[in-house]
Amino acid sequence: MTKLLRSLRTELRYQAWSKMLLSPLVITVLSLGAAFSGSVSNAASSLDRLLSTKAQAEANGISLGDAMNHPLNISVQGNQQVMDNPLRFDYETAYNAHRALDGLNSIGTGLEMITFIVLPILFFTYGCAVAVTDVRQRILKQRVSVQGRRPYVLAKVMMITATAIASVLLCAALSIAAAPILKAVFLTGTNFDFSFDVQAAGNNNPAAQIGFSAATAFFFGQLGFFVGLATRSIVLPSLLAFALLMVAPFAGPYDPRNILSTAGQWVFNFWGGFTPRAMFPVPAGVGLLLMMLGLCSIAACCAIVWARRTKFV
């Protein structure tokens with residue numbers, strides 16, 4: 001335990017000194033600005049669409065109250081959605097888009113885009129950097145000799161975990177603080193009397209949203225770390241991860257991106273305008289379990305490779 005605490009303290013000092021610890025925190029905060037920019041734009045555009053649809057409906061003798069008193073049925077014909085009550089659909093969309101910036105709803109709004117776009121590649125790269133830094137600084141031999149292999153690796157795993165949680169919590173706190181300010185500044189001229197309440201879909205648990213985002217950052221951070229241990233490289237694994245996560249088409253139902261997108265439908269309501277697309281149906285629970293088993297397998301293989309490679313370089 002003493003060696004582990006000493007290794008953890010040393011890792012914290014090295015990351016703070018090298019500013020590596022600040023990188024994921026700063027980038028997630030900057031990404032939060034992009035997320036809320038899209039959410040504010042979505043709220044404004046959805047209201048414009050509602051006003052246009054409302055004017056057309058009233059020209060045909062249909063009031064908003066009439067539309068809200070009738071159910072909304074959506075069917076799929078070919079690749080298109082067909083709805084029998086477009087005014088109610090646009091009202092609910094605009095209502096939810098504005099509600100996305102209210103109170104605790106803003107947590108999910110801030111985390112939605114970041115969780116599926118930013119955190120995977122950001123924390124994979126951060127994990128690689130944590131694994132490779134000691135090799136590049138030529139202090140790997142010293143740290144492993146003094147602290148031991150297990151405390152050395154475990155301290156880095158714990159550091160990545162703590163950084164993932166801190167980054168998500170920081171985004172959640174800033175979301176709550178920033179959302180009402182952004183709404184007051186950019187949506188003040190779009191006042192509309194949302195006199196009809198819309199029942200929430202039920203996917204609005206801030207704790208679950210924070211946990212899901214933190215787990216995503218943890219997964220890809222640990223994946224990047226163990227890959228970095230085995231390859232001793234940052235650029236090549238990160239470029240490959242970027243290509244697989246951002247460019248390559250989905251490989252099938254059990255592609256991690258497809259699994260995350262499917263699981264995310266149970267956690268986020270996506271009122272802010274961003275919606276990840278799940279290309280293939282997959283049981284979310286089974287998919288997440290396979291992802292964790294895959295991470296454990298990759299971690300074990302990479303740890304074996306690292307343990308057998310010389311550290312005296």
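Residues numbered from 1 in each chain as written. Predicted model: local features only at pLDDT ≥ 70, side-chain atom pairs only at ≥ 80, totals over all residues. Heavy atoms only, no water.

Bringing a positive patch on the surface into the picture now. There is a patch of like positive charges on the surface, built from Lys 3, Arg 6, Arg 9 and Arg 13. Mapped onto the secondary structure, Arg 9 falls in helix H1 (residues 2–17). Under the relative-accessibility criterion, Arg 9 is labelled partly exposed at 46%. (Patch = residues over 30% accessible without salt bridge, like charges linked within 9 Å, V, L, I, M, F, W, Y side chains within 5 Å. Areas by Shrake-Rupley, 256 points an atom, 1.4 Å probe, with all protein chains shown as cover. Salt bridge = Lys/Arg side-chain N within 4 Å of Asp/Glu carboxyl O. Lys, Arg positive; Asp, Glu negative; His and termini not counted. Charge placed at Lys NZ, Arg CZ, Asp CG, Glu CD. Helix = DSSP H or I, 4+ residues; strand = E, 2+ residues; numbered from the N terminus. Buried < 20%, exposed > 50% of the residue type's maximum accessible area, 1.4 Å probe, protein only.)

One can find Ser 31 in helix H2 (residues 22–59). At a separation of 2.8 Å, a polar atom in the side chain of Ser 31 contacts the main-chain carbonyl oxygen of Ile 27. Aside from chain neighbours lying at most four places away, what touches Ser 31 is Met 113, Ile 114 and Val 118. (Polar contact = N/O pair within 3.5 Å; in protein donor to acceptor, adjacent residues only side chain to side chain. Contact = heavy atoms within 4.5 Å.)

On to the pattern of salt bridges. Enumeration according to the criterion identifies nine salt bridges in this entry. With a closest N to O distance of 2.9 Å, Glu 11 and Lys 156 form a salt bridge. Highlighted residues: Glu 11 in helix H1 and Lys 156 in helix H7 (residues 149–186), separated in sequence by 145 residues. Comparing Glu 11 with Lys 156, the two get one shared label, buried. For Asp 134, the salt bridge identified is with Lys 156, shortest N-O distance 3.2 Å. One end of the pair, Asp 134, is in helix H5 (residues 105–136); the other, Lys 156, is in helix H7, with 22 residues separating them in the sequence. You'll find Asp 134 and Lys 156 in the same group, each marked buried.

Bringing the confidence of the model for the protein chain into the picture now. The pLDDT averaged across the protein chain works out to 89; a share of 96% of its residues lies at or above 70. Mean pLDDT across the elements of the protein chain ranges from a minimum in strand S1 (residues 74–77), with 74, to a maximum in helix H8 (residues 206–231), with 96. (pLDDT = per-residue confidence, 0-100.)

Summed over the entire model, instances satisfying the criterion amount to one cavity of 30 Å³ or more. Lining the largest cavity we find Glu 11, Tyr 14, Gln 15, Ser 18, Met 20, Val 130, Thr 133, Asp 134, Arg 143 and Lys 156. Breaking the lining of the largest cavity down by element, the ones donating at least two residues are H1 and H5. Here the lining of the largest cavity is composed, by residue class, of three nonpolar, three polar and four charged. (1 Å grid on protein atoms, 1.4 Å probe; cavity = no way out; pocket = protein on both sides within 12 Å on 5 of 7 lines; lining within 4 Å. Points joined across faces, edges and corners; volume = space filled by probe spheres on them. Nonpolar A, V, L, I, M, F, W, Y, C, P; charged D, E, K, R; others polar.)

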